[in-house]
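Single-letter residue listing:
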Amino acid sequence: LPKSFYEALYRDAAAAKAIPRGWMLYAATYRAQLQWESVGEQLEMGNIVTSYDLEVFQPKANVTIALGRENVHPVDDRVSLDGEPIDVKWLEGGEGFAFNVEQPGRYRLELELQPTTRTIASREEIDFRIPTIARSRLLLRYPAEALGIQTPRAVGQSTQAAPGELQLELGPTTRLAIQWPVNQANASVSSDVETAQLMWWRIRPGSVVLDVHWKFKSSGQPLREIRLVTDPRLRLLPLSPDAPVAE
């Protein structure tokens, strides 16, 4: 091992052991609820109670939360830190909001959000930008008889805690999205779907190509549509003639 390389590694290791500076978000929880509208067979989304676990490492830290405002609005602009209201400054361009924390320590940041619902084809959805945090989770409540509820941008596991209660690990996603049918009367009956995924990495000088093959098997209703959500950093290539979609 060259001496210069060893010394560089030693300096990097020493720097890594230094006291961290600034601040860090280490967990996020979003509590949402779908409920029946007063008239008809449609669901509506209520406000989303949001909490972030924050650690500050230095005095008078300026913290910025990258929460988008394009499809969501804070309720009465109320934001609290450990239960105490604080003043925040919403940044231009919808890049989030900022605030100051006087002393180092761990804090709980809370605010209530009113999402904007939009209709796309036969489905309604909410979709807005959230901070990228590995330990992000969604706690979703909905009528137990409701069908067709999806969270297309989540990358973690989901747990059905009870009928009408879903705990979902969002993972390091950049957006929170929930979808449901416009009319529950036309929603298809849910069924268990077995999925097999085969991946083949082709690594070449200057490029990496991933070939994926899926097999879906439904134990209930026939599958009419399959939606695949991909990482935006990947560029999708067109299907080749010898790779068709078949039953």
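Residues numbered from 1 in each chain as written. Predicted model: local features only at pLDDT ≥ 70, side-chain atom pairs only at ≥ 80, totals over all residues. Heavy atoms only, no water.

Q: So what exactly am I meant to see when it comes to the pattern of salt bridges here?
A: Between side chains of opposite charge, a pair can form when the charged atoms approach closely. Counted under the stated rule, the structure contains nine salt bridges. For Arg175, the salt bridge identified is with Glu70, shortest N-O distance 2.9 Å. Note that Arg175 is positioned in strand S15 (residues 175–181) and Glu70 in the loop between strand S4 (61–65) and strand S5 (72–81), a separation of 105 residues in sequence. With a relative accessible area of 41%, Glu70 lands in the partly exposed category. When the shortest N-O distance is used, the salt bridge between Glu165 and Arg141 registers 3.9 Å. Taken together, the positions of Glu165 in strand S14 (residues 165–169) and Arg141 in strand S12 (residues 136–141) put the pair 24 residues apart, joining distant regions of the chain. Classification of Glu165 as partly exposed rests on a relative accessible area of 30%. The network of salt bridges with common partners includes Glu70, Asp127, Arg153 and Arg175. (Salt bridge = Lys/Arg side-chain N within 4 Å of Asp/Glu carboxyl O. Helix = DSSP H or I, 4+ residues; strand = E, 2+ residues; numbered from the N terminus. Buried < 20%, exposed > 50% of the residue type's maximum accessible area, 1.4 Å probe, protein only.)

Q: Just to check I follow, could you spell out the sheet that holds S15 for this structure?
A: Hydrogen bonds between backbone groups are what pair the strands of a sheet, and the pairing can be parallel or antiparallel. Spatially, three strands are ordered S10-S11-S15 in an open sheet, and the strand pairing comes out antiparallel. Edge strands, defined here as strands with exactly one partner in the open sheet, are strand S10 (118–120) and S15. Each strand of the sheet is rotated relative to its neighbour by a mean of 30°, with strand direction disregarded. Relative to strand S11 (residues 123–129), S10 is paired through three bridges, and the arrangement is antiparallel. Within the sheet, the bridge partner assigned to Ile120 lies in S11 and is Arg123. (Pairing = 2+ DSSP bridges. Axes fitted to C-alpha atoms, helices over the stretch in contact; angles between N-to-C directions.)

Q: Would you take a moment to explain the nonpolar core for this structure?
A: The nonpolar side chains of soluble globular proteins are, as a tendency, buried together. Residues Tyr30, Tyr52, Ile65, Leu67, Phe97, Phe128 and Leu138 are the most contacted members of the largest nonpolar core, which totals 40 residues. Here the element with the most residues in this core is strand S1 (residues 23–36); it accounts for five residues. (Core = buried A, V, L, I, M, F, W, Y, C linked by side-chain atoms within 4.5 Å.)

Q: In this structure, what is going on with the sheet that holds S4? I would like to understand it.
A: Within the open sheet, the three strands sit side by side as S4-S8-S7. Their pairing is antiparallel. Strand pairing shows two members of the sheet lacking a second neighbour, S4 and strand S7 (89–90), which therefore form its edges. Both S4 and strand S8 (residues 97–101) contribute to a ladder of five bridges, which runs antiparallel. Across the sheet, the residue bridging to Asn62 is Asn100, located in S8.

Q: Where do I start with the layout of surface pockets in this structure?
A: Summary: where empty space remains is shown by rolling a probe the size of a single water molecule over the atoms. In this structure, the second largest pocket occupies an estimated 380 Å³ of space. For the second largest pocket, the lining is made up of 13 residues, of which Val155, Thr173, Thr230, Asp231 and Pro232 are closest to its centre. Broken down by class, the residue content of the lining of the second largest pocket amounts to six nonpolar, three polar and four charged. (1 Å grid on protein atoms, 1.4 Å probe; cavity = no way out; pocket = protein on both sides within 12 Å on 5 of 7 lines; lining within 4 Å. Points joined across faces, edges and corners; volume = space filled by probe spheres on them. Nonpolar A, V, L, I, M, F, W, Y, C, P; charged D, E, K, R; others polar.)

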